[in-house]
Amino acid sequence: GAAARRWTMGDKSDGLGGLRRKSQQLEEANLELKRVKERRDLVFTLAERGGGLLLRGWRRELDPDGSMDVTVKELDWHLRRLGLGDFSAKTIIGNKMDEMLTLEELCPTDGELVSRIRDWIKDEFGSPAALWTVIDSKQLGNLDREGWITACISNGFQGTAQELSYLFDFIDIDESGQVNKEEILFLETDCEARDKAIFEEKMKSRGQVQRLWASVYWSELHKDLSPLHRMAPRPWMAKSFESLPPLVIVRRQRRLREVRSRQRVAKSVFLKGLIHKFGSCARAWRRGIDPNGHFYIDKLILRHFCRTQELDKEVHLQSLWTTLDTDKDGRVGLQDVAPLGAVALASFRAWCRRLRGSCRGIWNLPCLVEARAMPQKDGSVQLMSDRKILVRKFADCLKVLGWQGGGDQAEMLSALDYYNAGFISEADLYWLDTWEPPLFLTAEASEEAWNEIRDSLLERFGTPLNAWRHLDVDGQNEVSWAEFVAGCRRIRYKGDTGAAWRFIDNDASGYISMEEFSPEHYNVLMSFKEWASGLYGSVGNAFKNFDKEGDGALTLSILRRACQKGKWSGDPQLLFDSVGPSGPVRDNKLKQITVDDVSFLDLWPDREDRDQDDQGVEGVEAEADELIAEEPKQGAQAAQAAQATAEDTKALKLTPTVFERLYAPAPVKRCASAPTLKKEEVRKSEQKAKQVQRTYHYNHCHTQLKARQRQPKTAKGKLPWLEKLYRISHEPIPATDAQTRHNPVH
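Predicted, not measured: the structure shown is a model, and the values here were computed from it.

Turning to the overall build of the protein, a few remarks are in order. Broken down by element type, the protein carries 41 helices and twelve strands. Residue burial in the protein is summarised as follows: out of 746 residues, 41% are buried. Of all intrachain contacts in the protein linking residues separated by at least 6 positions in sequence, the fraction that spans at least 24 positions is 66%.

So this is what it looks like as structure tokens:
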């Protein structure tokens, strides 16, 4: 009986367990049927949304980024949006740890096809971008269905034309009949690389649209239309257009040009003021700028000098300092203010030290002693002193002694003539002894030394541009003496650096440019810069317009095609060789240039600015005069300034100075054997001679003029009653008849 009871209970127990298992299996079967039904309905809905194609519907509705999977939350949101709110996302996905629905799970056949082409792209090309470079050989930017099928089959894809056509529909989600590079980037297997490539492509498309807007706005802005015209830009839209990157670049270039123009004008006005007040820049340095003989000044001293000479009202001090301090060391020397005069003074100082050990040593030479012992006469100027010598006599003695210096010799003599009185003393030579000029001022120009440096740079860096950019670290197309020395040290040059600098910097400007280093390459680069800036606003913006693929590189064929389309008259081959790589790449098709290879041209000064800088003071006198003339002069100050100018001119014309005779041609009646200094052509002009004329008579007239200017003046032309009082106080009172009878005239 007990065994029967145990058997009955065990059978009953086994029966309940079996029922539970069967119930659980039945629930799982129903859930699977429900999952299959919901997936089938979802596939039908996606195919309907995709125009009859599941893959296109998948990308449009569930996976626009092309990750080939969708999470539970995303799927639940998409189901409600598609009108399938009764469906459960968890039911469709199933019991999975990652809770993701993939394309292969939803449709295994289509998922296998997509996985096959993605693996083929990864194995054969590395990325979809590389695939597009190969299949778009004509660089049209898009492919139609036939071109896509032909290109994929020819490059080794193992599939049928029908499968490739289906994939074409998968890629062409907008049904335009064409695919482009941006649309195939989702085939990248690496999610991070895919997101980065898609983002960069979208930014490239956005940049093209912005450049188009900027071009239209720029053209409309320069049509000079009335603000009321229907085609004129609207003020409320200006802020949005002005913030476009292409226009920001253009405004930056304009600011750079304005800064350079302001610096050029500031230096011109400053030098003209020095010549007007002191006669020459070298004398202005000695008497006004550096009276203590330190031969270097800082920014504070320059500001103080400009204020004492009333130049701060006409000169922008910051721009002036930036122009003079070419090597950015915080100091300005004599060679920065009067470069040609500094060359002559350094040459004369070196000659004196070779001859007598110092400049003061030549003062007691027999030639100079004999000239001082005799009565000295130069035109109307006579001098009886053994402690001074006239400038003309001093120059003649130097010629007799065999001195043949370089630079501006008249500027040198004006620096030694401290008082502008036409004579030189021993103290003036002692001042020159205290100066320690830079090495490049005392060195002799050597073409051989320069060729050695240039060959070393070309041998190490390949192209002239790469060699130049090694010297021009800041990319301003200006290399100062300090930068030149540092560049020579980096290539370990052991020769005469100063001699090489004197040869290349033949105008003593204090800096050299690419034009002096390689004129041919400089002309090509500047021609391209002017053309690109005129069409696109800047060289960097032009490069982005040329780079249709957005990969940041251009080949020679693309560059040539863009230059031909833009009607550039230069040589694209020479331009590409100048800025292109100098490595061992032999195939021109593989050589590429990047935006960094050409964008530095935006920092270079324009060619017209460089020409005006090279002309010196004379080259920008007209521009400075125009800017000064624009400032209105009012009331009595204008009349006073005009009167002073007229009296100064009259004094200069009536009483010529020693310097006028020094710069004038030699008289006819003179000894043929008497040596004369070789004069610069610039110093022969009458305008330059008048600017440096200073004599005792002129100083006396100028002193009287200053005294009259300090006297209070009345505004006679503005107030009638004040004019009447002025006339009463200054005119004598007429005598009456009674006064005439009591005081008869004898």
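A separate point is the packing of helix H15 (residues 299-308) against helix H16 (residues 317-324). Look at H15 against H16: their axes get within 11 Å of each other, and the N-to-C directions meet at 130 degrees. Taken together, H15 and H16 sit at an angle that is classed as oblique. Crossing geometry of H15 relative to H16 is assigned as right-handed. Facing Lys299, Leu302, Arg303 and Cys306 of H15, the residues of H16 in contact are Leu317, Gln318, Leu320, Trp321 and Leu324.

Here we come to the nonpolar core. Counting residues in each nonpolar core, the largest one holds 110 residues, and the members touching the most others are Phe270, Phe348, Phe394, Trp435, Phe484, Phe528 and Trp604. Those residues in contact with Phe348, other than ones at most four positions away along the chain, are Ile362, Phe394, Leu398, Trp403, Met412, Leu416, Leu429 and Leu432. Among the nonpolar cores identified, the runner-up in size contains 47 residues, and Leu42, Leu54, Leu106 and Leu164 belong to it.

A few words on unusual backbone geometry. Where the residue is not glycine, phi is negative for most of them; where a peptide bond is considered, it is trans in most cases. Of note, Asn420 is a non-glycine position whose phi angle comes to about 55 degrees, a positive value. Tracing the backbone shows Asn420 in the loop between helix H21 (409-416) and strand E8 (423-425). For Asn420, a relative accessible area of 5% gives the class buried. Phi at Arg492 is positive, roughly 60 degrees, even though this residue is not glycine.

Before going further, it helps to examine the packing of helix H2 (residues 54-62) against helix H9 (residues 161-171). For the pair H2 and H9, interaxial distance at closest approach is 8 Å and the crossing angle is 20 degrees. When the interaxial angle is binned, H2 and H9 end up roughly parallel. For the element pair H2 and H9, the recorded crossing hand is right-handed. The residues of H9 that touch H2, namely those facing Leu54, Leu55, Arg56 and Arg59, are Tyr166, Asp169, Phe170 and Ile171.

Let us now look at the environment of Leu244. The residue Leu244 is located in the loop between helix H12 (235-242) and helix H13 (245-278) in this model. Given a relative accessible area of 7%, Leu244 falls into the buried group. When the C-alpha atoms of Leu244 and Ala214 are compared, they prove to be 6.7 Å apart, with 30 residues separating the residues in sequence.

Taken residue by residue, the protein gives an average pLDDT of 75. The fraction at 70 or more is 75%. The low-confidence segment residues 713-718 (pLDDT under 50) makes six contacts with residues lying over four places distant or belonging to another chain.

For Asp472, the location among the structural elements is in the loop between helix H25 (464-471) and strand E9 (479-480). Despite its burial, Asp472 remains without a salt bridge, the nearest opposite charge being carried by Arg469 at 7.2 Å. A polar side-chain atom of Asp472 sits 3.3 Å from the main-chain amide nitrogen of Gln476. At 2.6 Å, the side chain of Asp472 and the backbone nitrogen of Asn477 are in polar contact. Setting aside chain neighbours within four positions, we find Asp472 in contact with Asn477, Glu478, Val479 and Trp604.

The next subject is helix H7 (residues 128-135). Residues lying three or four places apart along an α-helix face the same way, a consequence of the helix completing one turn every 3.6 residues. Inspection of H7 places Pro128, Leu131, Trp132 and Ile135 among the buried residues, and these make up the whole buried set. All buried residues of H7 project into a common sector of 100 degrees when viewed along the axis, lining one side. Buried residues belonging to H7 abut helix H6 (108-124), helix H8 (145-154) and helix H10 (181-184).

Here we take up the side chain of Asp290. Residue placement: Asp290 occurs in the loop between helix H14 (281-289) and strand E3 (296-297). It turns out Asp290 is buried and unbridged, and the closest side chain with the opposite charge, Arg286, is 9.0 Å from it. Within polar-contact distance, the side chain of Asp290 engages the backbone nitrogen of His294 at 3.0 Å. Leave out the neighbours within four places in its chain, and Asp290 touches Trp285, Phe295, Tyr296 and Ile297.

Considering all chains together, one arrives at 16 salt bridges under this definition. The residue Glu32 makes a salt bridge to Arg35 at a minimum N-O spacing of 2.3 Å. Of this pair, Glu32 and Arg35 both sit in helix H1 (residues 2-49), three residues apart, which is roughly one turn of that helix. With a relative accessible area of 11%, Arg35 lands in the buried category. Taking the shortest distance from any N to any O, the salt bridge between Glu188 and Lys122 comes out at 4.0 Å. In this pair, Glu188 is assigned in the loop between H10 and helix H11 (191-221) and Lys122 in helix H6, connecting sequence segments 66 residues apart. Exposure remark for Glu188: the relative accessible area of 6% places this residue in the buried category. For Lys122, a relative accessible area of 40% translates into the label partly exposed. If you follow the salt bridges from partner to partner, you end up with Arg56, Arg60, Arg145, Asp169 and Glu175 in one network.

Cut-offs applied
Residues numbered from 1 in each chain as written. Predicted model: local features only at pLDDT ≥ 70, side-chain atom pairs only at ≥ 80, totals over all residues. Heavy atoms only, no water. Helix = DSSP H or I, 4+ residues; strand = E, 2+ residues; numbered from the N terminus. Buried < 20%, exposed > 50% of the residue type's maximum accessible area, 1.4 Å probe, protein only. Contact = heavy atoms within 4.5 Å. Axes fitted to C-alpha atoms, helices over the stretch in contact; angles between N-to-C directions. Parallel < 35°, antiparallel > 145°, perpendicular 65-115°, else oblique. Left-handed = near helix turned anticlockwise from the far one by under 90°. Core = buried A, V, L, I, M, F, W, Y, C linked by side-chain atoms within 4.5 Å. pLDDT = per-residue confidence, 0-100. Lys, Arg positive; Asp, Glu negative; His and termini not counted. Salt bridge = Lys/Arg side-chain N within 4 Å of Asp/Glu carboxyl O. Polar contact = N/O pair within 3.5 Å; in protein donor to acceptor, adjacent residues only side chain to side chain. Arc of directions from axis to C-beta.

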